[in-house]
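Tertiary structure, described
Here is what each chain is made of, one letter per residue.
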Amino acid sequence: MKQNKEVLIVGAGPTGLVLALELAYRGVAFRIIDKNDGPGESSRAMLVVPKVLESYKKFGLDQTVSEKGIRPEHINYYVKNMKKSAIPLGRLGRGQSAYPYVVTFPQDEHEKVLLEQLKKMGHSVEWKTAFDSLEKIDDMNKVVLKKQDETVTGLFDYVIGCDGASSSVRKSVGITFSGETYEEIFYVLDAVIDGKITHEESGSFVFVEKYFALFFPLRNRQTTRGIGMFPPDLVRSEAFSFEALKPRLENEFSITIQKKNWFSDYKIHRRTADQFNQETVFLAGDAAHIHSPAGGQGMNLGIGDAVNLGWKLAAVILDDVDEALLRTYESERKRLAESVVSRTDNAFKVMASQSKVSQLIRTRVVPLAAFAAGQSEWLQSQVFKVLSQLYISYDESPLNNQGTSKLKSGTRLPYADGEQFEFKREAGWQLHYFNEAPDFSLFKKEIPVELIRRRWTDKTSKAGFEKDYLYLVRPDGYIGWTGKPGSTKELFDYIAVWIT
Ligand SMILES: Cc1cc2nc3c(=O)[nH]c(=O)nc-3n(C[C@H](O)[C@H](O)[C@H](O)COP(=O)(O)OP(=O)(O)OC[C@H]3O[C@@H](n4cnc5c(N)ncnc54)[C@H](O)[C@@H]3O)c2cc1C
């Protein structure tokens, strides 16, 4: 089908690149620009969660990222240089996903993998091209772009701001970025470090009374990545340099920093855009939400935005589905972002607060809780669920029907260990059934939904499926509609509104 809509993605960080891949995969033409002259060169976000690996399956990137990154076996918990506990990450996610692990993979390498894949799919980023301003002209967005000394304009039906926390797209349409900036100053350090903590195979949280750091190894670089909070007394005296910090880290964490490769200080914010969508302009990733890196959720959340928006844009542009589908992007992702920002904010406050109670929680209560989590499979699976973003569901989405099944629409299609269909997760619309498939020939036109007959096993039963139900699954792996084979009319009504 010929595309008569113009799409502009602003920003080629992880969010913009994954959105580009989603559109390319679904056959949508687009332009992607970035003001920089190439991809980022610092490690920044490290954690890649199973929900993202599930989305990467269709690009063949699930294995690439899993193999290039490190699968940490534990999260260690230290108070000063004493190891208090180790939560076994390696087996946390058994039975929850085809990827029952998290991967640490530096963001710069991650972006290169995404760029290579985009190239293979016949697309490239227009570097050194900055979004400058946007003006509405009828239904179109007139965008001014700056290419070095040249100023050019273009008309676009859809503009997606994936241009990071200081988003020019967000500012150009006057969307407020509500929230606050924390007083604490953080640092990120890539260095050759020696010490008990860095001899660990996996990441280690280290707490002292007044501050903390997280260290983990970087494969192929023979280096350790540390992120942490500047000691409060250094903040008070505005001594934010590596030179001021180094003796403190060496002394209090019992390490020797032999060679510094990269060091940066930064402030942490908690902010969410008041709108993720204004008419035909959308915000995704850090342009829409930023929060503390505690728990490594930020980049993964942005990638999730891109996946959610990508298939919806494709459906509206290529299949002429009603624009109402695009409105569900904000209703699904904004609520989620607000809850992640609020949860990480609470965790951050406990981790960073200087109160006696928080110090006690960090150095006494958390090690005990971490020890308990190390002993309890149930606790481990709960930790994994949150960390992995597999818990995400869209309970109040307008895309849901009011089915009577136990598995409600809006929830992620559960994983039932080892099934063949996992190879197709998140490809396109699918109807999963166990007994009887509906007769699609009764529908007035061709239905772009793949019928998938599932085997009825102990695992599907345990995962919550019911043998006599149909499950219509969205292209992002969430259940859209559930019903019995007899509810063909309701199913066809749903398909007519949201799919074709
Ligand atoms: C030091 C540091 C450490 C971090 N550590 C972690 C971590 O451990 N875990 C975690 O989850 N997150 C971490 N983050 C956050 C993580 O890096 C971001 O969440 C992630 O990069 C967001 O991706 P994005 O694509 O939405 O935005 P960005 O990565 O910011 O990409 C935005 C892109 O837009 C481009 N751009 C901006 N303005 C324009 C314009 N006007 N025109 C054209 N292009 C434009 C930029 O050049 C950039 O390439 C860290 C960030 C920093 C800075």
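Please read these numbers as outputs of a predicted model, since none were measured by experiment.

Moving on, we come to the side chain of Ser 405. For Ser 405, the position within the fold is in the loop between α11 (377–388) and β19 (430–433). Judged by its relative accessible area of 1%, Ser 405 is buried. A polar side-chain atom of Ser 405 sits 2.8 Å from a polar atom in the side chain of Thr 482. With residues up to four places along the chain from it excluded, the contact list for Ser 405 reads Glu 466, Tyr 469, Tyr 471 and Thr 482.

It is worth spelling out the site of the ligand at this point. In the neighbourhood of the ligand, 29 residues make up the surrounding shell, with Thr 15, Asp 34, Gln 107, Phe 131 and Asp 286 lying closest. Here an oxygen atom of the ligand and a side-chain polar atom of Thr 15 are 2.8 Å apart. Here Met 299 contributes a backbone N or O atom positioned 3.2 Å from an oxygen atom of the ligand. Protein burial of the ligand: of its 1,000 Å² of free accessible surface, 84% is covered by the chains.

Here 8 bridges tie strand β7 (residues 129–137) to strand β8 (residues 140–147), and the two strands are oriented antiparallel to one another. Following the sheet pairing, Lys 136 is matched in β8 by Asn 141. In sequence, β7 turns back onto β8 through a hairpin of 2 residues, with Asp 138 there showing a positive phi of about 50°. Here β8 hands over to strand β9 (residues 150–156) after 2 residues, with Gln 148 in that stretch at a positive phi of 45°.

Of note in the backbone geometry, Asp 138 takes a positive phi value of approximately 50° without being a glycine. Structurally, Asp 138 is set in the loop between β7 and β8. Unlike most non-glycine residues, Gln 148 shows phi in positive territory, near 45°. By the element assignment, Gln 148 lies in the loop between β8 and β9.

Bringing the side chain of Lys 58 into the picture now. Examined against the element boundaries, Lys 58 turns out to sit in the loop between α2 (50–56) and α3 (61–68). On the basis of relative accessible area, Lys 58 is assigned to the buried category, the value being 15%. Only 2.8 Å separates the side chain of Lys 58 from the side chain of Glu 22, close enough to count as a polar contact. Those residues in contact with Lys 58, other than ones at most four positions away along the chain, are Glu 22, Tyr 25, Arg 26 and Glu 426.

A word on the sheet that holds β7. Think of a sheet as strands paired side by side through backbone hydrogen bonds, with each pair either parallel or antiparallel. Spatially, 3 strands are ordered β7-β8-β9 in an open sheet, and the strand pairing comes out antiparallel. The open sheet has two free edges, formed respectively by β7 and β9, since each of these has just one partner strand. Between one strand axis and the next, the sheet turns through 25° on average, direction left out of account. Bridging between β8 and β9 involves 7 bridges; their strand directions are antiparallel. From the neighbouring strand, Lys 147 faces β9, where its bridge partner is Glu 150.

Okay, the packing of aromatic side chains next. Each aromatic ring pair is characterised by the separation of its centres together with the angle its planes make. With the rule as written, the count across this model stands at 24 aromatic pairs. On the basis of an interplanar angle of 55° and a centroid distance of 6.0 Å, the ring pair of Tyr 211 and Phe 253 is categorised as tilted. Of this pair, Tyr 211 sits in the loop between β12 (203–207) and β13 (212–218) while Phe 253 sits in helix α7 (residues 242–253), and the two are 42 residues apart along the sequence. Just as Tyr 211 is buried, Phe 253 falls in that class too. Centre to centre, the rings of Phe 434 and Trp 456 are 5.0 Å apart; their planes meet at 90°, and the pair counts as edge-to-face. One end of the pair, Phe 434, is in the loop between β19 and β20 (450–453); the other, Trp 456, is in the loop between β20 and α12 (458–462), with 22 residues separating them in the sequence. Aromatic rings pair up to connect Tyr 182, Phe 186, Phe 212, Tyr 266 and Phe 348 into one cluster.

Looking now at the pairing of strand β1 (residues 7–10). Residues Val 7 and Ile 9 point to one face of β1 and Leu 8 and Val 10 to the other, with burial holding for every one of them. By the bridge criterion, 4 bridges tie β1 to strand β10 (residues 158–161) in an arrangement that is parallel. Considered in β10, the bridge of Leu 8 is made with Val 159. Pairing analysis gives 3 bridges linking β1 to strand β2 (residues 31–33), with the strands arranged parallel. Note on β2: the bridge partner recorded for Val 10 is Ile 33.

The rules we used
- Residues numbered from 1 in each chain as written.
- Predicted model: local features only at pLDDT ≥ 70, side-chain atom pairs only at ≥ 80, totals over all residues.
- Heavy atoms only, no water.
- Helix = DSSP H or I, 4+ residues; strand = E, 2+ residues; numbered from the N terminus.
- Buried < 20%, exposed > 50% of the residue type's maximum accessible area, 1.4 Å probe, protein only.
- Polar contact = N/O pair within 3.5 Å; in protein donor to acceptor, adjacent residues only side chain to side chain.
- Contact = heavy atoms within 4.5 Å.
- Near = heavy atom within 4 Å.
- Areas by Shrake-Rupley, 256 points an atom, 1.4 Å probe, with all protein chains shown as cover.
- Pairing = 2+ DSSP bridges.
- Axes fitted to C-alpha atoms, helices over the stretch in contact; angles between N-to-C directions.
- Phe/Tyr/Trp six-rings, centres within 6.5 Å; stacked < 30°, edge-to-face > 60°.

Don't take any of this as a statement about function, it's just geometry.
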